[in-house]
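Structural features, examined
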Amino acid sequence: MTKICYASAVGSLVYAMVCTRPDIGYAVGVVSRFMSNPGREHWAVVKWIHQYLKGTSTMCLRFGSGKPLLEGFVDSNMSTDVDTSQSTSEYVITYVGGAVLWQSRLRKSVALSTLEAEYMAAVEASKEVI
């Protein structure tokens, strides 16, 4: 694994995720946690994500032709990181059907219930919209 440019490959995935591909946000977040000591399994996942991008290269973000409507979608998974018991929060904000803002990340604080994790994710998305 010392001869593999793991950090460079993950960096290119982060660039794609931030610019145009919100669909790979969670997967890139998971593989980026292993930058200091990646294993063969992590490298296999990075290669799979690159293959996914290659297979879906004709897909793109588009705005619809409907009413100018701003919508937000939020999700949170309680305690997805078994080491720290942190939750993962994701949100997507769309305008006229096209994604304009998205994020997937580990929460800084630990939620004590699923409801609390959902509220924390909704508050974070609401702050971004404002």
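Look up a bit, the structure's there.
A quick note: this is a predicted structure, and the numbers were derived from the prediction, not measured. Once a new chain begins, its residue numbering starts again from 1 and follows that chain's sequence as written. The predicted nature of this model means local features are confined to residues of pLDDT at least 70 and side-chain atom pairs, given and counted, to a pLDDT of 80 or more, with totals for whole chains, interfaces and linings taken over all residues. For side-chain calculations, the full set of non-hydrogen atoms in the structure is used, while hydrogens and water are omitted.

Another point: the overall build of the protein chain. Within the protein chain, the regular secondary structure consists of 4 helices and 3 strands. Working definition: helices are DSSP H or I runs of at least four residues, strands are E runs of at least two. Numbering for both runs from the N terminus. Starting at the N terminus and ending at the C terminus, the protein chain contains elements arranged as α-α-α-β-β-β-α. Considering only C-alpha atoms, the protein chain reaches an extent of 50 × 40 × 20 Å along its principal axes. Throughout, exposure labels follow a simple rule: accessible area from a 1.4 Å probe, protein chains only, divided by the maximum for the residue type, with under 20% read as buried, over 50% as exposed, and the rest as partly exposed. Counting only residues that meet the buried cut, the protein chain has 30% of its 130 residues in that class. Only heavy atoms enter the contact rule, under which two residues are in contact if any of them lie within 4.5 Å. The long-range fraction of contacts in the protein chain, counting pairs at least 24 apart against all pairs at least 6 apart in sequence, stands at 55%. Here the protein chain displays about 8,600 Å² of accessible surface, and carbon together with sulfur accounts for 60% of that area. Residues counted as positive are Lys and Arg, residues counted as negative are Asp and Glu, and His and the chain ends are not counted. Charge positions come from single atoms, namely NZ of Lys, CZ of Arg, CG of Asp or CD of Glu. On the protein chain, the mean spot of the 12 positive side-chain charges and the mean spot of the 11 negative ones are 11 Å from each other. Using the Shrake-Rupley algorithm and a 1.4 Å probe, accessible areas are obtained, with residue cover drawn only from the displayed protein chains.

Let us look at the pairing of strand E3 (residues 98-106). By definition, two strands form a pair when at least two bridges between them are found by DSSP. Pairing analysis gives 8 bridges linking strand E2 (residues 86-95) to E3, with the strands arranged antiparallel. When the bridges of E3 are listed, Thr88 appears paired with Leu106. Between E2 and the antiparallel strand that follows it, E3, lie 2 residues; Val96 among them carries a positive phi value of about 55°.

Turning our attention to the packing of helix H1 (residues 6-19) against helix H3 (residues 40-55). Under this scheme, a helix contributes an axis fitted over its contacting stretch, all axes are lines through C-alpha atoms, and angles between N-to-C directions fall in the 0 to 180 degree range. Packing of H1 against H3 leaves a shortest axis separation of 11 Å and a crossing angle of 35°. The interaxial crossing formed by H1 with H3 has left-handed handedness. On H3, the residues that touch Tyr6, Ala9, Val10, Ser12, Leu13 and Ala16 of H1 are His42, Trp43, Val46, Ile49, His50 and Leu53. For the contact of H1 with H3, the per-class residue count stands at 9 nonpolar, 3 polar and no charged. Each helix crossing is assigned a hand: it is left-handed if the near helix lies turned anticlockwise from the far helix by less than a right angle, otherwise right-handed if that turn is clockwise. Classes in brief: Ala, Val, Leu, Ile, Met, Phe, Trp, Tyr, Cys and Pro nonpolar; Asp, Glu, Lys and Arg charged; the others, Gly included, polar.

Across its 16 residues, helix H4 (residues 114-129) extends 23 Å between first and last C-alpha, which sits within 8% of the 22 Å expected from 1.5 Å per residue. Inspection of H4 places Ala117, Met120, Ala121, Glu124 and Ala125 among the buried residues, and these make up the whole buried set. Angularly, the buried residues of H4 cover 130° about the axis, an arc narrow enough to put them on a single face. When the buried face of H4 is taken as reference, the exposed residues oriented beyond 90 degrees from it are Leu115, Tyr119 and Lys127. The length a helix should cover is 1.5 Å for every residue beyond the first. Arc, as used here, means the arc of the directions from the helix axis to the C-beta atoms.

Another aspect to go through is the nonpolar core. Here, nonpolar core means buried Ala, Val, Leu, Ile, Met, Phe, Trp, Tyr and Cys residues that are tied together by side-chain atoms lying within 4.5 Å of each other. Counting residues in each nonpolar core, the largest one holds 12 residues, listed as Tyr6, Ala9, Val10, Leu13, Ala16, Met17, Ile24, Val28, Val31, Val46, Ile49 and Leu53. Within the residue set of this core, elements represented by two or more residues are H1, helix H2 (25-31) and H3. By residue number, the principal contributor to this core is H1, which donates 6 residues.

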